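The chain contents come next:
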Amino acid sequence: MRRRKSEIANLRNLGPRCEADLNAVGIYTLDELKSIGPEEAFRKVWLGRVTRGETTKTLNAMYLYAIHGAIHDISCLELNEEDRCRYKKFAQEMRSG
């Protein structure tokens, strides 16, 4: 089976670890990331790490900010307060289970 070429690490805010996380759950392109959105991508990465027995410690609101920024081609530090609050709440909900 041929491995798909990923463009994730080339997106703003995302690097090799995010690329590995997203590729592990079948997300390889910006279009795929856009189609499912930050929350669903985060949820898939979370569940993927749990399934593989990997830590979820580094999965937090900032990870969501980075995904949002990649989708919208903005710095993860430029998110508006409404998005920040929504992502903080989502990350807390995932953490609490």
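Preceding block: the structure.
This section reports on the structure supplied with the text.

Cut-offs used in this document
- Residues numbered from 1 in each chain as written.
- Predicted model: local features only at pLDDT ≥ 70, side-chain atom pairs only at ≥ 80, totals over all residues.
- Heavy atoms only, no water.
- Helix = DSSP H or I, 4+ residues; strand = E, 2+ residues; numbered from the N terminus.
- Rg over C-alpha atoms; globule rule 2.2 N^0.38 Å.
- Buried < 20%, exposed > 50% of the residue type's maximum accessible area, 1.4 Å probe, protein only.
- Contact = heavy atoms within 4.5 Å.
- Salt bridge = Lys/Arg side-chain N within 4 Å of Asp/Glu carboxyl O.
- Disulfide = S-S within 2.5 Å.
- Axes fitted to C-alpha atoms, helices over the stretch in contact; angles between N-to-C directions.
- Parallel < 35°, antiparallel > 145°, perpendicular 65-115°, else oblique.
- Left-handed = near helix turned anticlockwise from the far one by under 90°.
- Nonpolar A, V, L, I, M, F, W, Y, C, P; charged D, E, K, R; others polar.

**Points about the overall build of the protein**
- Across its full length, the protein carries four helices and zero strands.
- The helix and strand sequence of the protein, counted from the amino end, reads α-α-α-α.
- Its C-alpha atoms give the protein a radius of gyration of 13 Å, within 12% of the compact-globule value 13 Å for 97 residues.
- On the principal axes, the C-alpha backbone points of the protein span a range of 45 × 30 × 20 Å.
- Within the protein, the proportion of its 97 residues that are buried is 46%.
- Considering only contacts within the protein whose residues lie at least 6 apart along the sequence, 48% involve residues at least 24 apart.

**What to know about the pattern of salt bridges**
- Taken as a whole, this structure holds seven salt bridges when the rule is applied.
- Salt-bridge contacts for D21 lead to R17; the nearest nitrogen and oxygen are separated by 3.3 Å. Placement of the pair is D21 and R17 together in helix 1 (residues 16-24), with a separation of four residues, close to one helical turn.
- Across the pair D21 and R49 runs a salt bridge whose closest N-O atoms are separated by 2.7 Å.

**Thoughts on the side chain of S75**
- Tracing the sequence through the fold places S75 in the loop between helix 3 (61-72) and helix 4 (81-96).
- Those residues within four positions of S75 in sequence are excluded, and the remaining contacts are R12 and N13.

**Side note on the state of the cysteines**
- One pass over the structure, following the stated rule, counts zero disulfides.
- Cysteine C76 remains unbridged, with the sulfur of C18 as its closest cysteine sulfur at 9.7 Å.
- A disulfide-free cysteine, C85 has its sulfur positioned 16 Å from the sulfur of C76, the nearest such atom.
- Residue classification places C85 among the partly exposed positions, given a relative accessible area of 43%.

**Some details on the packing of helix 2 (residues 30-52) against helix 3**
- As a packed pair, helix 2 and helix 3 sit with axes 9 Å apart at the nearest point and diverge in direction by 160°. Between helix 2 and helix 3, the angle is such that the two are roughly antiparallel. At the point where helix 2 passes helix 3, the crossing takes the right-handed sense. The segment helix 2 lies against helix 3, with L30, L33, K34, G37, P38, E39, A41, F42, V45 and R49 engaging Y63, L64, I67, H68, A70 and I71.
- Looking at side-chain class alone, the contact of helix 2 with helix 3 contains 11 nonpolar, two polar and three charged residues.

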